Protein chains: 4
Amino acid sequence: MIGVGVIGYGYWGPNLVRNFAETPGARVVAVSDLRQERLRLAHSRYPGIKVTTVHEELIMDSQVDAVVIATPVSTHYELALTALRAGKHVLLEKPLTASSDQAKHLIEEALRRNLVLMVDHTFVYTGAVRKIRELITQGELGDIYYYDSVRINLGLFQHDVNVIWDLAVHDLAIMDYVLPLQPKAVSATGMSHICGSPENIAYMTLFFDGQVIGHIHVNWLAPVKLRSTLIGGSRKMILYDDLEPSEKIKVYDRGVMVDMNGESIYQMLIGYRTGDMWAPRLDHTEALRTEAGHFVECIEGARRPLTDGEAGLRVVRILESATESMKAQGRLVRI
Amino acid sequence: MIGVGVIGYGYWGPNLVRNFAETPGARVVAVSDLRQERLRLAHSRYPGIKVTTVHEELIMDSQVDAVVIATPVSTHYELALTALRAGKHVLLEKPLTASSDQAKHLIEEALRRNLVLMVDHTFVYTGAVRKIRELITQGELGDIYYYDSVRINLGLFQHDVNVIWDLAVHDLAIMDYVLPLQPKAVSATGMSHICGSPENIAYMTLFFDGQVIGHIHVNWLAPVKLRSTLIGGSRKMILYDDLEPSEKIKVYDRGVMVDMNGESIYQMLIGYRTGDMWAPRLDHTEALRTEAGHFVECIEGARRPLTDGEAGLRVVRILESATESMKAQGRLVRI
Amino acid sequence: MIGVGVIGYGYWGPNLVRNFAETPGARVVAVSDLRQERLRLAHSRYPGIKVTTVHEELIMDSQVDAVVIATPVSTHYELALTALRAGKHVLLEKPLTASSDQAKHLIEEALRRNLVLMVDHTFVYTGAVRKIRELITQGELGDIYYYDSVRINLGLFQHDVNVIWDLAVHDLAIMDYVLPLQPKAVSATGMSHICGSPENIAYMTLFFDGQVIGHIHVNWLAPVKLRSTLIGGSRKMILYDDLEPSEKIKVYDRGVMVDMNGESIYQMLIGYRTGDMWAPRLDHTEALRTEAGHFVECIEGARRPLTDGEAGLRVVRILESATESMKAQGRLVRI
Amino acid sequence: MIGVGVIGYGYWGPNLVRNFAETPGARVVAVSDLRQERLRLAHSRYPGIKVTTVHEELIMDSQVDAVVIATPVSTHYELALTALRAGKHVLLEKPLTASSDQAKHLIEEALRRNLVLMVDHTFVYTGAVRKIRELITQGELGDIYYYDSVRINLGLFQHDVNVIWDLAVHDLAIMDYVLPLQPKAVSATGMSHICGSPENIAYMTLFFDGQVIGHIHVNWLAPVKLRSTLIGGSRKMILYDDLEPSEKIKVYDRGVMVDMNGESIYQMLIGYRTGDMWAPRLDHTEALRTEAGHFVECIEGARRPLTDGEAGLRVVRILESATESMKAQGRLVRI
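The structure displayed is predicted, hence computed values, not measured ones.

Conventions adopted
- Per chain, residue numbering runs from 1 following the sequence as it is written.
- In the order they appear in the text, chains get letters beginning with A and ligands get numbers beginning with 1.
- Where totals are concerned, whole chains, interfaces and linings use all residues; where local detail is concerned, this predicted model gives features only for residues with pLDDT of at least 70, and gives and counts side-chain atom pairs only at 80 or more.
- Side-chain numbers here rest on the full set of heavy atoms in the structure, without hydrogens or water.
- Helix numbers and strand numbers start at the N terminus; a helix is a DSSP run of H or I with at least 4 residues, a strand a run of E with at least 2.
- Whether two residues are in contact is decided by their heavy atoms: any pair within 4.5 Å suffices.
- Each copy is superposed on the other by least squares, with the fit set by C-alpha atoms of residues at a pLDDT of at least 70 in both.
- Remark: exposure states derive from per-residue accessible area (1.4 Å probe, protein chains only) relative to the maximum for the residue type, with buried under 20%, exposed over 50%, and partly exposed in between.
- Two strands make a pair as long as DSSP finds a minimum of two bridges between them.
- Angular values range over 0 to 180 degrees, each being the angle between N-to-C directions of two axes fitted as lines to C-alpha atoms, with helices fitted over their stretch in contact.
- Those domain boundaries reflect an automatic or database domain assignment.
- Once two parts are put together, the accessible area they lose, assessed with a 1.4 Å probe and summed over both, is termed the buried area.
- In the sections that follow, a salt bridge refers to a side-chain nitrogen of Lys or Arg positioned within 4 Å of a carboxyl oxygen of Asp or Glu.
- Throughout, the ten residues Ala, Val, Leu, Ile, Met, Phe, Trp, Tyr, Cys and Pro are labelled nonpolar, Asp, Glu, Lys and Arg are labelled charged, and all others, Gly among them, are labelled polar.
- A clockwise turn of the near helix away from the far one marks a right-handed crossing, whereas an anticlockwise turn of less than a right angle marks a left-handed crossing.

A. Summary view of the environment of Ala292 of chain D. As for its position among the elements, Ala292 of chain D is in helix H8 (residues 287-301). Sequence-distant contacts of Ala292 of chain D, that is, excluding residues within four places in its chain, are made with Asn19, Phe20 and Thr23 of chain D.

Take a look at the structure:
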């Protein structure tokens, strides 16, 4: 039975506690938060759990085998390092760390101590994203042409990170999981509309080897909520709308057919192909449940998690490069 | 009665002929096209119209007062110049010309001869876009924050121009009409997925003075058709979906409220404001009908059209700069 | 070459003329309408066609082999009877006649003279409805459970017929084509909200043999336009939304599974089955084009049309019964 | 502080417990259920609450002031009667009882003992339904013409009640709250598709005084989930879509204008009016929270609840009449 301690009982912490509480092989031992009223709430819901405002107490607790960290990203590194050095496995909310250097140190620390270091790239554990990876891996889409995502809504301005670190991190985590290749360079643009706040709207283009292009649009100041991704391939294309209650993924048998028989490219004929659309049935298990179980299994089996420190590092590297590019109004930055 | 000659009876030409045929004050005198079968079609529909494969004949026809040009953009300049020099008023399909130099010459030529030079920025003549301009001009949105447009579908690969010149031109024409200011620089990215074809997917960020940002996503290789624009302001926001049959424009009374009472920006409180949504009734007159009437009125009254040569030039300048930036993978290009 | 004469150049007549004008094997010889301005419009579009306000002239014209009737339903019987007696084939706009007695007389008259009598059940000739019939005929849905249709919008109040005769006729024509069995009884309700007008909202339940039930909701006074049909079967279910631009038909692999192992029905277990959704590619040929071609082929080959007089009669019988039931506030009427 | 006991911890009971646990002025004292595993779940979540399989214990508990009943409808009457006779206030899940006679007895019993009897018509406590009532009461819609609701999905076949008692009860509860008048007669139809099960699809038309008509379509065997209501009035119309995340209510300024200047009804002109659409901001408080607070206030202030026994009785009467009509295939039944 893995003893779990959760640091941070704000927006996401309660979901983590609830899911670990119901995960076989795990039990939630302690919760820490700086705010007494959050601890009171945790206690009222789970009277058997220890609560403390001092996170060191939680980390050092001998009943705690694994530390789950759901605090602002600026605190991730110190908390995780302390936990790893205390011999505890660590699951960190996304993004893994505030810099790639920090990420590398955590990875080394975990490796040296044979501890599991995992990042909470939640979407990787949804039925929808797993189905997308399956379709791409099986070659259903043919050659990948583009990956285009829009993730916008009104809400939750953050003081310490820009909208890329808050929202685009989800898209980068999904791309890291479903695409068979990594971006090589990024061009990003963005703007802050609230004086003194970080950028609240941003666009980033990702360049891959070959003809693959990625693009992410994130916005905290949109009147409507959109969670929509298009993945274009030479054989088929996917529309993934996370807000659709039942048909989150639609696979379109559409594309172009090129007839190169002409003598010059001006005689090249491009025809359109329109076939059926298909929405596969998806597994609707709560992503965090699957993820909590996976973390426990990795600890028990000394296995490397699907979203390990390296996955977290790859995403943080892109976030860093994108922020650098955004400061320079779209200048291409190698990753 | 203004005699109209239409050059080009392909995809768009028939719409132009049909609308000028039903515009008071105008009559269609002649149609020219290089393809006999297109002329046969024109003749079967309008037996009283002269048809010719020789556009000079049409231009020189003494009954033709105004020449309407709906041919590939690479031919616009020569055809329009010939018509202006023959003393004819000119309406050119979008984009005005293949370069800003060409556009400037046409503007000078028209000015010197006191002729009307107009570009067919069709969307400017829709009820939806006119309502957007009205709302922005009346200050309904407050300060403009961003303009974000998506215009994608499967179809109509072109050999001679990239997707920006084909699709983004619509968005630039709309922005030129509804926004009170002009973009100063552009960062664009894109990709070609069909060997030998121009870019079929592209993204462009437009920088304006102040905190205004624009973005356009165009794609010829999408499985679904989208025509969706978001305009964010400090007071209200607009969602303009051109594919909605009845509620094309939705005005959201949504935004953020900033409370600066704290001592540092970390204490700045950002609250969310969510009010009513409102979809104004729109004029459903066909845009091309309104536009044809406007062209005739400008000729009769020697007035400057809403979408004059200057408007066409401003759009072509951005297209040029965006293409340059796209070749350099997002490098900022001043406009 | 079949010479076609079209009586009635109002809302639907122009579509009929346009389609017959482009149908191989047919040519439009004459158009009649009581209104001079409609004839002027027809003439301006088709200078070679004879126009007349006297429909007898059109019917008796020796160049006219087939008469197409697009006039108010109250005039159908007299016009069609005159045409049949003059030896002309007849295509009547839906509904076939104002009563089943009239329909029977026309069927007899056509049979006696070996003439084609066809009713314009337009939807039967759409790619969507043909695909539905194909799926049902192939047993894709399993046993049919229900057919439920909603056809509502704001508009086009009629003085002489209620909303059932105007809108539900479409659904009845589709049901007649796609379902393998006929309704035996009907219970209908409705209401008029404009004093002196016929019912503008109506609901009708159709009872078939076995456990099949049909329902149609029609409304001239709705704020939104809906054209939505659900067909439930024991194996699969169809959602047919005629307003969807590309995915008009969605086939859901969903249903219930019954486990009768328990000793009583209270122990009967009903489980839910949720599988993939699939939207087949559809033929997008204009329905009226297909239909015009079919009419010409039936005349040339002396064949019985898909939507013959009998199909028209079956639909009129249900309309009569439904109207009778509606007057009696839902009383069951045998058909 | 009102002590609350909840009988039934199945699907709905946990929501009731959760909401009463967080309602000021109330505390949950005890939970009863026949199933031990449900009680274990309740205990694990709320260790301080008494649990029992014997509901009499709960009812007789001196700390219990009010009994909340979330059990199958066939058990409502006995449980509620026992509770009222023990001097406890009662909140019953919908529908109030299995017959109108039972409802009348409970109303009398509560009246005699000065106890609060309330029925859980949950939708009445949503921001959307409250806004609809406000709009109708203020005369915003003008004269009411029709109320049309569709409530369908795949799921939850019940053994003891037909789909009307399960789903249409929601629509009847909403109509009872928002409409200023009561139905006088009903014509209902329906069908069972699973041998031995009650009707799983049903349609009911409600007749009111004047020209008002209501209709409800409910279905347990639909491939898609719909929760959509249209309310037509002489001035405006409402579309209420409960599945819309943000714009649940849309108010359309649409209708017809009648010009009676002609000499006969055949000259009566009916014009169409199309104005703006408007989606008012709604209160998003969880309905059950509002409802729990209202129950507590009614007990404390000895006030009559919004959804009192009489409201429950009115709805049960219509359910009875509709079931009777459905057995007779649509025969009109006076209510």
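B. The arrangement of the relation of the copies chain B and chain A in detail. For the match of chain B to chain A, the screw axis carries a shift of 0.0 Å, the RMSD comes to 0.0 Å, and the turn is 180°. The transformation just described matches what one would write down for a two-fold rotation axis. A shared binding surface is used by both copies, with 100% of the interface residues of chain B retained as interface residues in chain A.

C. Here's a closer look at unusual backbone geometry. Note the cis peptide between Lys94 of chain B and Pro95 of chain B, where omega equals -10°. Relative to the assigned elements, Pro95 of chain B resides in the loop between strand E5 (89-93) and helix H5 (100-113). Of note in the backbone geometry, Asn114 of chain A takes a positive phi value of approximately 60° without being a glycine. The residue Asn114 of chain A is located in the loop between helix H5 (100-113) and strand E6 (117-120) in this model. Even without a glycine there, the phi angle at Gln329 of chain C is positive, about 55°. Along the chain, Gln329 of chain C falls in the loop between helix H9 (309-327) and strand E15 (333-334). Judged by its relative accessible area of 29%, Gln329 of chain C falls in the partly exposed class.

D. Looking closely at the relation of the copies chain D and chain C. For the pair chain D and chain C, the superposition axis carries a translation of 0.0 Å, the fit reaches an RMSD of 0.1 Å, and the rotation angle comes to 180°. By residue overlap, the copies meet face to face through one surface: 100% of the interface positions of chain D are interface positions in chain C.

E. View of the sheet that holds strand E5 (residues 89-93) of chain C. Residues and elements named next belong to chain C. Taken in spatial order, the six strands of this open sheet run E3-E2-E1-E4-E5-E6, and their pairing is parallel. Edge positions in the open sheet fall to strand E3 (50-52) and strand E6 (117-120), since each of these has one partner strand only. In this sheet, neighbouring strand axes are inclined to one another by 20° on average, regardless of whether the strands run parallel or antiparallel. As judged from the six bridges shared by strand E1 (residues 2-7) and strand E2 (residues 26-32), these two strands associate in the parallel manner. Within E2, the residue paired with Gly3 across the bridge is Arg27. Docked against the sheet, helix H1 (residues 13-21) engages E1, E2, strand E4 (66-69), E5 and E6, running at close to 155° with respect to E2. Set on the sheet, helix H8 (residues 287-301) makes contact with E1, E2, E4, E5 and E6; between it and E6 the angle comes to about 175°.

F. Structural view of the domain arrangement of chain A. Residues and elements named next belong to chain A. Domains assigned within chain A are domain 1 (2-122 + 287-303) and domain 2 (124-286 + 318-334). Put simply, the middle of domain 1 and the middle of domain 2, counted by C-alpha atoms, are 30 Å apart. Together, Lys94, His121 and Ala287 form the three largest contributors to the area buried by domain 1 at its contact with domain 2, with a combined 35%. Across the domain 1-domain 2 interface, the total number found is one salt bridge. Of all the secondary structure elements, the ones that give two or more residues to the side of domain 1 that touches domain 2 are helix H1 (13-21) and helix H8 (287-301). Considering each element in turn, the side of domain 1 that touches domain 2 owes the most residues, six residues, to H8. For the side of domain 1 that touches domain 2, the class distribution of residues is seven nonpolar, nine polar and four charged.

G. Local environment of the packing of helix H6 (residues 127-137) of chain D against helix H7 (residues 163-178) of chain D. Residues and elements named next belong to chain D. Two elements in contact, H6 and H7, have axes whose closest approach is 9 Å; the angle formed by their N-to-C orientations is 35°. Judged by the twist between their axes, the crossing of H6 over H7 is right-handed. Between H6 and H7, the residues in contact are Val129, Arg130, Ile132, Arg133 and Ile136 and Ile174, Tyr177 and Val178, respectively. Looking at the contact of H6 with H7, its residues break down into six nonpolar, no polar and two charged.

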